[in-house]
Amino acid sequence: MKKFTSGIVAFLLFSAVAIAQQGTSVYATMDATDAVSIKELFPNEITIFESKHTQAAVLISEELIHKIHDNVKTHGPGYIFRASEEKAIQALDRTANRNPLVDFTITETTFVNECLDLVDGTNIENDILDLQSYGTRYHNKPQAEQAVLDQQAKWDAMILASGRTDVHTRIYEHVNTPMPSVILTIDGANTPNEFVIIGGHIDSTASPSNNDSSGADDNASGIASLNEMVRVLLEKDFVPNRTIEVMAFAAEEIGLVGSAEIAEEYANNGINVAAYVQFDMTGYQGSNSDIYLTTDWYNSSTLNNYLAALMDNYNASGAHSFTYNYTECGYGCSDHASWADNGFAAAFPFEADFGEHNPNIHTSADTYSFFNTPEHSVKFAKLGLEFLIEAAKPQILSVDDFSENAIRVFVKDKTLNYRLNNTVSNVKEISVYNVAGQKIFSEVMNNEEGSVQLQQFAQGFYIAHFTLENGHAFTTKFILN
Ligand SMILES: [Zn+2]
């Protein structure tokens, strides 16, 4: 286990020469101990305004940022960008609320296992190759913006193919970077105001030149893992109880800029984020165990325990088995810190024990050929699906709104027959759910009476949901026999 602090100080001791002040200085927060060590070595490169709760509000020179970034053998920028001195100082007082809004339970074993069976590494491989082909996704390069727009188009095509009208994407423009982020939303059917969010950064960086920054593991692999989760959820026509959001962030590599602006807006708007999980570097297997849960002080131990429980339940044996362990990543090491910073429960499962992760990140050698298999990322896609389905839960259908006067239903020979009693509208769509609330059948109709064949389903209780052209909907329980 390697602490970020030892990385910074070890490097700085080797190169304790004065750095000429040049470029633009940046307001930030960082680990307070790191800030003091840097101040001793480079008194002109850093101004410390205030320290509190192990964090310091600082002004750091651009030159120092490059030195830290290029040489610290850990992940992430090591500091969190702040827009002003005032914002940096305010951030020291932000108290994280690490009480998740929901009880994390494991109840959807059958459905989750069906989804895990569908995870396909070929898709992940193709997406990593797609993203590395931009050459660079450094936040101020035109290729970075193009990668975000293409990512949105990729999601939009998946949504269009699924026929879903409750799944949308949007571009999020930022203040402190020209690069946008992109967000996919699956509307929650029952409690849409509760959000379960996953994400990863889509920008890249490299030394010596940000023009040559393919960023395959960091972090095309994370984005590709997210895409595969979305693809499987749409293939299984998963309608969540809570709202799910999937985010591809701009400008993580320059201080978590994209995720910080989004998380702050969510906090300011009082959005209930039940949990946030980060996927940043999933491709390279550098340690004995497979997935490493980061245990830094700002992470939610409740959420980490839940991810561990999910892996105990789904991945301890059988076709989807893999192992997990724990590690620490340091201050501001990825976008989950932005969510924790704004009081939300956040976690970050990582590809290896820190120090044993992909040695080529932040160089031009971070290409797919270095690890050359999607198998490690497949494990993260599976964990992500387990988390999304179990934390967001499938749509729960209640029979409370059943109105026997509105529609007449009878079942014979595994055929569901229906007729509207009041012919003011037509039936537009029929969906059938099992008793666990999972949608197992859906058909578009355009009539007042008709029937659907359900021969493929076992005998038992089911729920039929009728959506009418006029927007009304009726739900009824029936027995298939
Ligand atoms: Zn990264």
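**Q** Give me the lowdown on the sheet that holds strand β11 (residues 324-327), citing residues and values where you can.
**A** The sheet built from three strands is open, its strands ordered β11-β10-β13 with mixed pairing. For this open sheet the edge positions go to β11 and β13 (349-350), each flanked by a neighbour on one side alone. When strand β10 (residues 291-294) meets β13, the two strands line up antiparallel, connected through two bridges. Within β13, the position partnered with Tyr292 by the bridge is Phe350. On the sheet, helix α10 (residues 301-314) packs against β10, β11 and β13 and is oriented at approximately 160° with respect to β10.

**Q** Let's hear about the environment of Val102: which residues, and what values?
**A** With respect to the helices, strands and loops of the structure, Val102 is situated in the loop between α4 (85-92) and α5 (109-118). Linking Val102 and Glu194, residues 92 residues apart in sequence, is a C-alpha distance of 9.1 Å. Leave out the neighbours within four places in its chain, and Val102 touches Glu194 and Ala274.

**Q** Run through the sheet that holds strand β17 (residues 439-447), naming residues and quoting values.
**A** Spatially, β17-β16-β19-β20 is the arrangement adopted by the four strands of the open sheet, whose pairing is antiparallel. Unpaired on one side and paired on the other, β17 and β20 (473-480) mark the two borders of the sheet. Adjacent strand axes in the sheet meet at a mean angle of 20° when their direction is disregarded. Alignment of strand β19 (residues 460-468) against β20, held across eight bridges, turns out to be antiparallel. Looking at the pairing, Ala464 lines up with Thr476 of β20.

**Q** Any chance you could break down the nonpolar core for me, citing the residues and the numbers?
**A** Residues Ala28, Val58, Val196, Tyr276, Leu307, Leu385 and Leu388 are the most contacted members of the largest nonpolar core, which totals 115 residues. Both domain 1 (4-92) and domain 2 (109-392) contribute no fewer than three residues apiece to this core. With near-sequence residues (within four places) excluded, Val196 lies in contact with Arg242, Ile244, Ala274, Ala275, Leu388, Ala391 and Ala392. In terms of nonpolar packing, the next biggest core, distinct from the first, is built from 11 residues, Ile407, Tyr462, Phe466 and Leu468 among them.

About the cut-offs
Residues numbered from 1 in each chain as written. Predicted model: local features only at pLDDT ≥ 70, side-chain atom pairs only at ≥ 80, totals over all residues. Pairing = 2+ DSSP bridges. Helix = DSSP H or I, 4+ residues; strand = E, 2+ residues; numbered from the N terminus. Contact = placed C-beta atoms within 7 Å. Axes fitted to C-alpha atoms, helices over the stretch in contact; angles between N-to-C directions. Core = buried A, V, L, I, M, F, W, Y, C linked by C-beta atoms within 7 Å. Buried ≥ 20, exposed ≤ 12 C-beta atoms within 10 Å, placed from the backbone. Domains from an automatic or database assignment.

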